[in-house]
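Below, each chain spelled out in residue letters.
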Amino acid sequence: MGWGYYVAEPNSYLAVTGAYIDGVKIIKKCMVYPFQKVTKIAITPFDFSMSLQAMTSEKLQFELPAVFTIGPADDVASLMKYAVLLTGDSDGQPQGHSGTLGTGRNHVQDIVKGIIEGETRSIVSNMTMEELFNNRRLFKKEVLENVQKELDQFGLCIYNANVKELQDLGESKYFESLARKAHEGAQSQAQVDVAHARMIGKVGEAEKEGEAKQRIAKINAHTAVLETERKVEKANADQILKTREIEIARELNLEQIKAQRSAEQKDAELQKAVEQKRAEMELERLRATTVTQAQIARESAHQKAEADAFSQIKRADAKKYEQEAEAQAIAYRSQQDANAALYTSNKDAEAHLAAREKEAEAEYLWSEKQAQANYITKEREAEAMYIAKHKEAAGLSELAKAYGELAQVLGGPQGLLQYLMMQNGTFAELANANAKAINGLQPKISVWNTGSQDGSVDSMAPIRNLIQTLPPMLSTIQEQTGMTAPSWLMGQPSQAGQNGQASAEEKMAAKKSLTNGHR
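Residues numbered from 1 in each chain as written. Predicted model: local features only at pLDDT ≥ 70, side-chain atom pairs only at ≥ 80, totals over all residues. Heavy atoms only, no water.

## Digging into a nonpolar patch on the surface
Quick note on the threshold: The patches described consist of residues with a relative accessible area above 30% and no salt bridge, like charges being joined within 9 Å and nonpolar side chains (Val, Leu, Ile, Met, Phe, Trp, Tyr) within 5 Å. Note on areas: Shrake-Rupley with a 1.4 Å probe; residue coverage comes only from the protein chains shown. The working definition used for a salt bridge is a side-chain nitrogen of Lys or Arg within 4 Å of a carboxyl oxygen of Asp or Glu. Secondary structure elements follow DSSP: runs of H or I no shorter than four residues count as helices, runs of E no shorter than two count as strands, and numbering proceeds from the N terminus.
Together, Trp3, Tyr5, Val7, Met31 and Tyr33 make up an exposed nonpolar region whose accessible area comes to about 590 Å². By the secondary structure assignment, valine 7 is in strand β1 (residues 4–7).

Encoded structure:
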């Protein structure tokens with residue numbers, strides 16, 4: 001190329017030698033003077049394909065296809081090495097014609113091929129087939145590093161390297177067997193995965209269908225159960241209401257009966273008290289004349305009062321029995337009516353439940369919506385019932401608090417108990433029961449006066465009164481048991497007795513009298 005101004009293409013550089021230049025000058029554009037020479041060097045990488053035959057440490061031969069993309073490095077130092085060492089022909093002589101030197105010439109490819117084969121065989125000889133097959137990334141890295149070190153001295157650079165699949169060489173079937181094994185394993189695993197996926201799909205479909213049926217049946221059953229429970233609760237509430245009404249009516253009747261009986265009993269007691277007072281007055285009037293007549297009159301009046309009281313008590317008992325029998329009959333009829341109503345309600349509920357089950361089987365979509373609406377309605381009714389029960393419980397609690405305050409006012413639980421017993425007529429019932437207990441008895445009552453009641457102080461009065469009680473007591477014993485007291489106990493004491501000693505005859509008579517009395 002002659003002298004002049006030269007500019008290199010984007011993929012090339014200018015290598016200038018000659019006068020005024022030491023060695024080689026690498027530049028993109030320059031002015032070439034006489035006695036100087038310029039050569040264009042292309043740096044476009046070229047693909048270098050090769051099939052390398054190598055042997056592992058196990059003496060197994062294989063073929064390694066590879067493609068390398070190689071070109072001059074894009075820096076001044078590498079380009080100077082490349083221009084000096086590789087720009088000539090294969091015999092070392094420079095080109096005889098002018099032009100651009102390409103990078104893919106034969107002698108360059110031979111140099112690169114020799115370097116790659118030598119480094120690759122050196123690396124493979126220290127590895128087993130299993131290591132080579134499983135660690136291809138590491139193998140590729142080591143090959144590139146070692147080859148690049150050798151290519152640096154020529155100013156070349158490996159831009160890319162693609163190591164293809166390892167292939168068997170000659171009669172070796174190693175890689176073919178591995179491929180067949182992997183293929184069969186993958187195919188078997190794929191069949192297993194497909195079967196497993198189908199199984200999961202069928203099982204999932206069956207589970208969803210079963211779950212849908214279960215939920216439908218559960219909703220229908222729950223709806224039916226709720227309806228039945230609400231009807232049973234309503235029937236029970238009606239029964240409780242009717243029973244409570246009957247109990248209240250019966251309690252009112254009993255209270256009326258108790259009040260009437262209490263009034264009659266009070267009237268009888270007053271009449272009895274009047275008669276007693278009258279008898280006592282009559283007895284006091286007649287006591288001045290004759291004690292015997294007074295006793296007879298008093299006993300007659302007492303017996304008459306008892307007879308009147310007994311007849312009144314009997315009439316009250318008969319009336320009470322009639323009223324109780326009538327109340328029991330009313331309660332029994334009410335209970336029978338309630339039982340019949342409950343039985344009818346239960347039968348209606350069973351029939352309605354059966355009808356609902358048949359309708360639910362035929363009309364699923366409609367029943368689902370209707371069940372939700374009914375559920376909400378029943379839930380509101382249950383909440384209302386719960387609020388009513390809660391209010392009733394609150395009322396009972398307030399009643400208990402009121403009773404507690406009343407107990408504090410009355411002086412404690414005992415005062416409250418007495419008040420309630422008085423309010424409910426318990427004392428009257430107890431008095432009636434006591435009157436029934438002593439009804440029919442005919443005791444013999446002896447009235448005996450101990451003497452003066454003038455209130456004078458007498459130190460011997462207690463002893464004298466005790467001794468004076470012996471005659472009427474012994475008389476009563478004789479009347480009730482037939483035993484007679486000894487004469488010495490009933491008679492006056494003798495002279496010897498006055499001195500504190502009884503005669504022998506008196507002691508024998510007393511002993512005989514006591515013996516006869518025991519007999």
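Once you've had a look at it, read on.
## So, the pairing of strand β2 (residues 12–18)
Which entries qualify depends on this criterion: Only protein chains enter the accessibility calculation, which uses a 1.4 Å probe; a residue is then buried when its area is under 20% of its type maximum, exposed when over 50%, and partly exposed in between. A strand pair is defined by DSSP finding two or more bridges across the two strands.
Within β2, 5 of the 7 residues are buried, leaving the element largely enclosed by the surrounding structure. Here β2 pairs with strand β3 (residues 25–27) via 3 bridges, running antiparallel. By the bridge assignment, alanine 15 is partnered in β3 with isoleucine 26. Between β2 and β3, which pair antiparallel one after the other, the connecting turn spans 6 residues, and tyrosine 20 there sits at a positive phi close to 65°.

## Brief notes about helix α4 (residues 136–151)
The condition that has to hold: A helix is expected to span 1.5 Å for every residue after the first. As used here, the arc belongs to the directions running from the helix axis to the C-beta atoms.
Between its first and last C-alpha, α4 extends 22 Å over 16 residues, near the 22 Å set by a 1.5 Å rise per residue. Phe139, Val143, Val147, Gln148 and Leu151 are the residues of α4 that are buried. Taken end-on, α4 shows its buried residues confined to a sector of 155°, consistent with a single buried face. Of the exposed residues in α4, those oriented more than 90 degrees away from the buried face are Arg137, Lys141 and Lys149.

## Some remarks on the nonpolar core
Keep this limit in mind: Nonpolar cores are built from buried Ala, Val, Leu, Ile, Met, Phe, Trp, Tyr and Cys residues. Side-chain atoms within 4.5 Å join them into one set. In this analysis, two residues are considered to be in contact whenever any of their non-hydrogen atoms come within 4.5 Å of each other.
Counting 38 residues, the largest nonpolar core has Phe68, Ile70 and Leu156 as the members making the most contacts within it. Contributing elements (two or more residues each) for this core: β2, β6 (46–55), β7 (61–72), α1 (76–86), α2 (106–124), α3 (129–134), α4 and β9 (156–163). In terms of residue count, the dominant contributor to this core is α2 (6 residues). Contact partners of isoleucine 70, with chain neighbours within four places excluded, come to Pro45, Phe46, Val112, Ile116, Leu151, Leu156, Cys157, Ile158 and Tyr159. Counting 8 residues, the second-largest nonpolar core is a separate cluster that includes Tyr6, Leu14, Cys30 and Val32.

## Observations regarding the pattern of salt bridges
Under the defined criterion, the tally for this structure stands at 11 salt bridges. Between lysine 258 and glutamate 429 there is a salt bridge, with its nearest N and O atoms 3.1 Å apart. Separated by 171 residues along the polypeptide, lysine 258 in helix α5 (residues 174–287) and glutamate 429 in helix α9 (residues 426–437) bring together distant segments of the chain. Look at lysine 258 and you get partly exposed, because its relative accessible area is 31%. Overall, glutamate 429 belongs to the partly exposed group, its relative accessible area being 38%. Residue arginine 278 pairs with glutamate 275 through a salt bridge whose shortest N-O separation is 3.3 Å. Residue arginine 278 and its partner glutamate 275 are both found in helix α5; the two are separated by 3 residues, about one turn of the helix.

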